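Structure at a glance
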Amino acid sequence: TRFTSLSLAHSRFKHLAGDDAEIDGAIDLSNVAPLDAGHDVLTISLRGVRISGDLNARSAKLARAVESDVHALMLEGAEIGGDLSLDGGFEAFGCVWLRNVKIHGTLACGAATLLNRSDDAKGQALNADGAHFAGAFMRGVKVEGEARFSGARIEGDFDISDGASLRNETGV
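The notes below deal with the structure included here. Source: prediction; values computed, not measured.

Some details on the overall build of the protein
- When helices and strands are counted, the protein shows zero helices and 23 strands.
- A globule of 172 residues ought to have a C-alpha radius of gyration of about 16 Å, and the protein, at 15 Å, matches this closely.
- Along the first, second and third principal axes, the C-alpha set of the protein runs to 45 × 40 × 25 Å.
- Taken across its 172 residues, the protein has 45% of its residues classed as buried.
- The contacts in the protein between residues at least 6 apart in sequence include a share of 54% that link residues at least 24 apart.
- Just so you have it, the protein exposes about 8,000 Å², and 46% of that area is on carbon and sulfur atoms.
- Treating the 17 positive side-chain charges of the protein as one cloud and the 25 negative ones as another, the clouds have centres 1 Å apart.

Some details on the sheet that holds strand β3 (residues 15–17)
- The parallel open sheet is built from six strands, whose spatial order is β3-β6-β10-β14-β17-β20. Strands with a single pairing partner mark the edges of an open sheet, and in this sheet they are β3 and β20 (146–148).
- The pairing of strand β6 (residues 43–45) with strand β10 (residues 73–74) spans two bridges and is classified as parallel. Bridge assignment links Ser 45 to a residue of β10, and that residue is Met 74.

A look at the nonpolar core
- In terms of nonpolar packing, the biggest core is built from 42 residues, with Leu 55 and Phe 90 touching the most fellow members.
- Breaking this core down by element, the ones donating at least two residues are β15 (102–108), β17 (124–127) and β18 (132–137).
- Apart from residues no more than four positions distant in its own chain, Phe 90 is found in contact with Ala 57, Ser 59, Ala 60, Leu 62, Val 96, Ala 111, Ala 112, Thr 113 and Leu 114.

Side note on the pairing of β17
- Where strand β14 (residues 96–97) lies against β17, two bridges are found, and the strand directions are parallel. Its bridge partner being in β17, Trp 97 is matched across the sheet by Asn 127.
- When β17 meets β20, the two strands line up parallel, connected through three bridges. Following the sheet pairing, Gln 124 is matched in β20 by Glu 146.

Some remarks on the side chain of Ser 85
- Locating Ser 85 in the fold gives a position in strand β12 (residues 84–85).
- The class of Ser 85 is buried, set by a relative accessible area of 9%.
- Excluding its chain neighbours within four sequence positions, the residues that come into contact with Ser 85 are Leu 55, Asn 56, Ala 57, Arg 58 and Ala 108.

A word on unusual backbone geometry
- The backbone of Ser 59 sits at a positive phi, close to 65°, despite the residue not being glycine.
- Checked against the element boundaries, Ser 59 lands in the loop between β8 (55–56) and β9 (61–63).
- Residues other than glycine seldom take positive phi values, yet Asp 162 does so here, at roughly 55°.
- Relative to the elements of secondary structure, Asp 162 occurs in the loop between β22 (158–159) and β23 (165–167).

Each value, and the rule that gives it
- Residues numbered from 1 in each chain as written.
- Predicted model: local features only at pLDDT ≥ 70, side-chain atom pairs only at ≥ 80, totals over all residues.
- Heavy atoms only, no water.
- Helix = DSSP H or I, 4+ residues; strand = E, 2+ residues; numbered from the N terminus.
- Rg over C-alpha atoms; globule rule 2.2 N^0.38 Å.
- Buried < 20%, exposed > 50% of the residue type's maximum accessible area, 1.4 Å probe, protein only.
- Contact = heavy atoms within 4.5 Å.
- Areas by Shrake-Rupley, 256 points an atom, 1.4 Å probe, with all protein chains shown as cover.
- Lys, Arg positive; Asp, Glu negative; His and termini not counted.
- Charge placed at Lys NZ, Arg CZ, Asp CG, Glu CD.
- Pairing = 2+ DSSP bridges.
- Core = buried A, V, L, I, M, F, W, Y, C linked by side-chain atoms within 4.5 Å.

Read these as layout, nothing more, since geometry by itself doesn't imply function.
Right under this line is the structure:
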């Protein structure tokens, strides 16, 4: 599937599947949220997607079902020509999976909340293993669960400051 650009800003839905899509411009998922308050599940899978511009999910509210192991945001193997913006109040209950993603711009997670705790401390809130970023800005981020950057390559700044909180009780 190929699109010039895609904007679902301020939309409400349960699941977006766009694996292996090609987007010649940007994707705007800012302020997306679950369909309704009674059904608070919203997951996005863009595995292997190719985006020539930015992927903006600023202020998005994503959540997997409570008893599910589905990722809140799946971008494994994606290539993003610009920035990945998961900031401005972005929230994810479930893993943000950025394994082997290539972002030519920056990963922006300022003031984001990433939650995926588990009793055995194996719940991953963020997996960026093998990822490649021009820079990563995580000022004021709140992470509860494991945050992984094993084998990641960050060419510029990696900024975790301004009251950032990383917590994984009984885990590493």
